[in-house]
Amino acid sequence: MAANDLRINSTIYNVSKNILKFFFKIFLRIEYHGKENVPLNGPLVLASNHISNLDPPCVGAGIDRIVRYMAKKELFVPILGTIWRAWGGFPVKRGGADRSAIKMGIDILQDGQCLAIFPEGTRSKTGKLGKAQPGALMMASKAKAPIVPACIIGSDVFRQGKLWPKVIVKYGKPIYFPEGEPVTKELLNSMTEQMMQEIAKLQAGEA
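Calculation notes
Residues numbered from 1 in each chain as written. Predicted model: local features only at pLDDT ≥ 70, side-chain atom pairs only at ≥ 80, totals over all residues. Heavy atoms only, no water. Buried < 20%, exposed > 50% of the residue type's maximum accessible area, 1.4 Å probe, protein only. Helix = DSSP H or I, 4+ residues; strand = E, 2+ residues; numbered from the N terminus. Pairing = 2+ DSSP bridges. Polar contact = N/O pair within 3.5 Å; in protein donor to acceptor, adjacent residues only side chain to side chain. Core = buried A, V, L, I, M, F, W, Y, C linked by side-chain atoms within 4.5 Å. Contact = heavy atoms within 4.5 Å. Axes fitted to C-alpha atoms, helices over the stretch in contact; angles between N-to-C directions.

> How should the pairing of strand 2 (residues 44-48) be read in this particular structure?
A regular strand carries its side chains on alternate faces of the sheet. Across the 5 residues that make up strand 2, a large majority, 5, are buried. Side chains Leu 44, Leu 46 and Ser 48 project from strand 2 onto one buried face, and the interleaved Val 45 and Ala 47 project onto a second face that is buried too. Here strand 2 pairs with strand 5 (residues 114-117) via 4 bridges, running parallel. By the bridge assignment, Leu 46 is partnered in strand 5 with Ala 116. Relative to strand 6 (residues 147-153), strand 2 runs parallel, the two sharing 4 bridges. Paired with Ser 48 across the two strands is Ala 150, which belongs to strand 6.

Pasting the structure below:
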């Protein structure tokens, strides 16, 4: 896959992001914490909890780089699909391993970009942090990309039933793959556990 096929128009993305941030600030009263923890260059995985369809743009809009993410294929209908792509999304089929989407994610990271993932694999209906899906960090391992744990609080506006909610996004310190150490199943399991613990700390206000 050519590098040009991986990248989106940065001007359109940044204009879209600024518009989103304006609406998020007004209607969601969004706040961002820990932006200084996010590396501005090189491959990076943002790993966040997942409680709403608003999560990808909310998490991505808070940092000073383009963020790519998988979004369910059903969202990529005419017009709306163009908007999702402009915001950095690309389609994934749910209900099984979508090899083409996984390959796209790996290619994005190997191209030095930022990829947002939601390790739980689905939205939490209660707001509580669930268990990470097996292989959640597989794409990160292919590029030895650092993982920044992230947490979003309050984006489940419909479940809350609030007319004027308050959304908070927190970014934790990066987790790095050990240098010179082979990537094994045990290492991935250990790093996945560490990642979820850090997300839980952010959610509990401990980090």
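Now that the structure has been shown, the text picks up again.
> How should I be thinking about the side chain of Ser 155 in this particular structure?
Mapped onto the secondary structure, Ser 155 falls in the loop between strand 6 and helix 7 (157-160). For Ser 155, a relative accessible area of 0% corresponds to the buried category. Within the structure, the side chain of Ser 155 is placed 2.5 Å from the side chain of Asp 55, a separation counted as a polar contact.

> Would you mind showing me how to read the pairing of strand 5 here?
Of the two faces of strand 5, the one lined by Cys 114 and Ala 116 and the one lined by Leu 115 and Ile 117 are each fully buried. Bridge count between strand 3 (residues 67-72) and strand 5: 3 bridges; the pairing is parallel. Paired with Tyr 69 across the two strands is Ala 116, which belongs to strand 5.

> What is the right way to read the nonpolar core from this model?
Side chains of a nonpolar character, in soluble globular proteins, are inclined to be buried together. Ranked by size, the top nonpolar core spans 29 residues in total, and within it Phe 24, Leu 46, Val 169 and Tyr 171 carry the most contacts. Secondary structure elements with two or more residues in this core: helix 2 (10-28), strand 2, helix 3 (55-61), strand 3, strand 5, strand 6 and strand 7 (168-171). With 4 residues, the single largest contributor to this core is helix 2. Among residues more than four places away in sequence, those in contact with Phe 24 are Arg 29, Ile 30, Tyr 32, Pro 57, Cys 58 and Ala 61. Counting residues in each nonpolar core, the second largest holds 27 residues, with Ile 108, Leu 109, Ala 145 and Ile 199 among its members.

> Help me understand the sheet that holds strand 5, please; the structure alone is not making it clear to me.
Backbone hydrogen bonds are what pair the strands of a sheet, in a parallel or an antiparallel way. Spatially, 7 strands are ordered 1-7-6-2-5-3-4 in an open sheet, and the strand pairing comes out mixed. In this open sheet, the two strands that pair with only one neighbour each are strand 1 (31-33) and strand 4 (89-92). Direction aside, the axes of adjacent strands within the sheet are offset by 25° on average. By the bridge criterion, 4 bridges tie strand 3 to strand 4 in an arrangement that is parallel. Bridge pairing in strand 4 links Ala 71 to Pro 91. With respect to the sheet, helix 5 (residues 99-110) is in contact with strand 2, strand 3, strand 4 and strand 5, its orientation differing from that of strand 4 by roughly 150°. In the packing of helix 8 (residues 185-204) onto the sheet, contacts are made with strand 2, strand 6 and strand 7, and the angle to strand 6 comes to roughly 35°.

These figures capture arrangement, not role.
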